[in-house]
Amino acid sequence: MEVPCVRVSLEEGEQTRRELADANLIDDEYELTAEDGELYVPVTDPDAVPDTLTVVSMTVPERETQTTPADVLGFDPSYERLGKTVLLDEDDDERAREIADAVLESDLPVDTVLNKQSKVKGETRIRDWDLLAGEDTEVVHREYGCEFALDLADVYFSPRLATERHRVAEQVGEARSASENASGQRPRATGEHAVDMFAGVGPFVIPFAKRGAECVGVDVNEDAIEYLRENARRNGVEDRVTAICADVREVAAEYEGWADRLVMNLPHSADEFLETAVVLAGDDCVLHYYDIQHEDDPFGPGERAIRAAAEPEYEVTVETRHTVRSYAPHELNVCLDVRLERDDGHDS
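Being a predicted model, the structure only gives us computed values, none of them experimental.

## Some thoughts on the sheet that holds strand β17 (residues 331–342)
- Judged by pairing direction, the sheet is mixed, and its seven strands sit side by side in the order β13-β12-β11-β14-β15-β17-β16 without closing on themselves. What marks the edges here is a single partner per strand, and that holds for β13 (241–245) and β16 (314–328). Between one strand axis and the next, the sheet turns by 15° as a mean value, whatever way the strands run.
- Both strand β12 (residues 214–219) and β13 contribute to a ladder of five bridges, which runs parallel. In the strand pairing of β13, Val218 is matched with Ile244.
- Here helix α6 (residues 222–234) sits on the sheet in contact with β12 and β13, set at roughly 170° to β13.
- Running over the sheet, helix α9 (residues 300–310) touches β15 (281–294), β16 and β17 and is turned about 150° from β16.

## Examining empty space enclosed by the protein
- Here the structure, examined in full by the defined rule, presents two cavities of 30 Å³ or more.
- Within this model, the largest cavity holds a volume of roughly 140 Å³.
- Surrounding the largest cavity, 14 residues form its lining, Arg125, Tyr156, Phe198, Pro203 and Asn265 being those nearest its centre.
- Its residues assigned to classes, the lining of the largest cavity comprises eight nonpolar, three polar and three charged.
- Of the pockets and cavities examined, the second largest cavity occupies roughly 30 Å³.
- What lines the second largest cavity is simply Leu274, Ala277, Val278, Leu287, Ile306, Ala309, Ala310 and Leu340.
- Those elements that place two or more of their residues in the lining of the second largest cavity are α8 (274–280) and α9.
- By residue class, the composition of the lining of the second largest cavity is eight nonpolar, no polar and no charged.

## Some details on unusual backbone geometry
- For the peptide bond that leads from Glu311 to Pro312, omega is 0°, which places it in the cis range.
- In the Ramachandran plot, Asn24 falls in the positive-phi region, its phi being about 55° despite a non-glycine side chain.
- Residue placement: Asn24 occurs in the loop between α1 (10–22) and β2 (33–35).
- Positive phi is not limited to glycine here, since Asp36 has a value of about 55°.
- Tracing the sequence through the fold places Asp36 in the loop between β2 and β3 (38–42).
- Note on Asp36: relative accessible area 74%, which makes it exposed.

## Digging into the nonpolar core
- By size, the foremost hydrophobic cluster in this structure holds 38 residues, and its most contacted members are Leu150, Leu152, Phe208 and Leu228.
- Among the secondary structure elements, those contributing two or more residues to this core are β10 (146–151), α4 (162–169), α5 (205–210), α6 and β13.
- With five residues, the top contributor of residues to this core is α6.
- Sequence-distant contacts of Leu150, defined by excluding residues within four places in its chain, comprise Leu82, Thr137, Glu138, Val139, Val155, Phe157, Val201 and Tyr227.
- With 37 residues, the next largest nonpolar core counts Val248, Ala259, Ala277 and Leu332 among its residues.

## Section: the sheet that holds strand β8 (residues 129–133)
- One open sheet holds the four strands; their spatial order is β5-β6-β7-β8, and the pairing between them is mixed. Each end of this open sheet is capped by a strand with a single partner; those strands are β5 (80–82) and β8. Strand-to-strand twist in this sheet, taken as the mean axis angle between neighbours without regard to direction, amounts to 30°.
- Pairing between β5 and strand β6 (residues 85–88): three bridges, direction antiparallel. Pairing of Glu80 across the sheet is with Leu87, part of β6.

Parameters and conventions
Residues numbered from 1 in each chain as written. Predicted model: local features only at pLDDT ≥ 70, side-chain atom pairs only at ≥ 80, totals over all residues. Heavy atoms only, no water. Pairing = 2+ DSSP bridges. Helix = DSSP H or I, 4+ residues; strand = E, 2+ residues; numbered from the N terminus. Axes fitted to C-alpha atoms, helices over the stretch in contact; angles between N-to-C directions. Contact = heavy atoms within 4.5 Å. 1 Å grid on protein atoms, 1.4 Å probe; cavity = no way out; pocket = protein on both sides within 12 Å on 5 of 7 lines; lining within 4 Å. Points joined across faces, edges and corners; volume = space filled by probe spheres on them. Nonpolar A, V, L, I, M, F, W, Y, C, P; charged D, E, K, R; others polar. Buried < 20%, exposed > 50% of the residue type's maximum accessible area, 1.4 Å probe, protein only. Core = buried A, V, L, I, M, F, W, Y, C linked by side-chain atoms within 4.5 Å.

Next up, the structure:
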């Protein structure tokens, strides 16, 4: 049957396959197929494939040896994959147990099954889980060539945002010349200066650092910061990552005017931190501002809030208005990529 596939030359096939596997986009129910010097890689979500890759419909054979949870259950259950863990969101405990048993009976490379028991809550944005299979809630997850250790009971992490994180990481530039700031501020490292104001375990910080940026990640969750430090070590970028456990408003003065790039992924309340973002921003800074708003005007509230905080000190240019995903009925999770350029007519 015809399924969505990434089409790539055989020479680039293995690298592309690894990238898609890191992003959990390969559809394991179908075989990879080579034809006329090109490789066709079946994918689960064609909309999540990076724009740099070509997606086509292609008839490819099903994997005969792959037993899926749907084969065991007789229906197609909804779940997410995170490393070797399957995440469920089932209100019915009996149904959740049935799906967990089917997952373990299937050929999925999984050893842990968790079912959500609460919504994200509190300042640290964690949720409760029911451990249906496995030893604990700690996970090792790979994403676009980066490896993240985390404990879902102690930190917030969403695998659904992998493509969005990659979109932003690809914007990070390299090869800025190192120079000492004459005012006695921190010396510039090769690459950008990036601050993630709500860093979690580092899903933005780590890929930024791997692309040459010097990064500061701040979070109020002590467990997240410990995992951020571990993940910096795992990915060989500990020399370019500073992890700080604090409210970013409390430490912003230490990095005043330092950032070339800011990430504000706290969609329900990022507007409360915009004054801090302005303190952190350098003379030419790109801000990635995440918001959740009604579909009738998903970008307007965020743009108006940014302008109110940054103008007239900065010239504000919205470079990208990007819809990340649907969040709830009539509500969208969106991102504004905004350039802040200091107006020479105003003092820093």
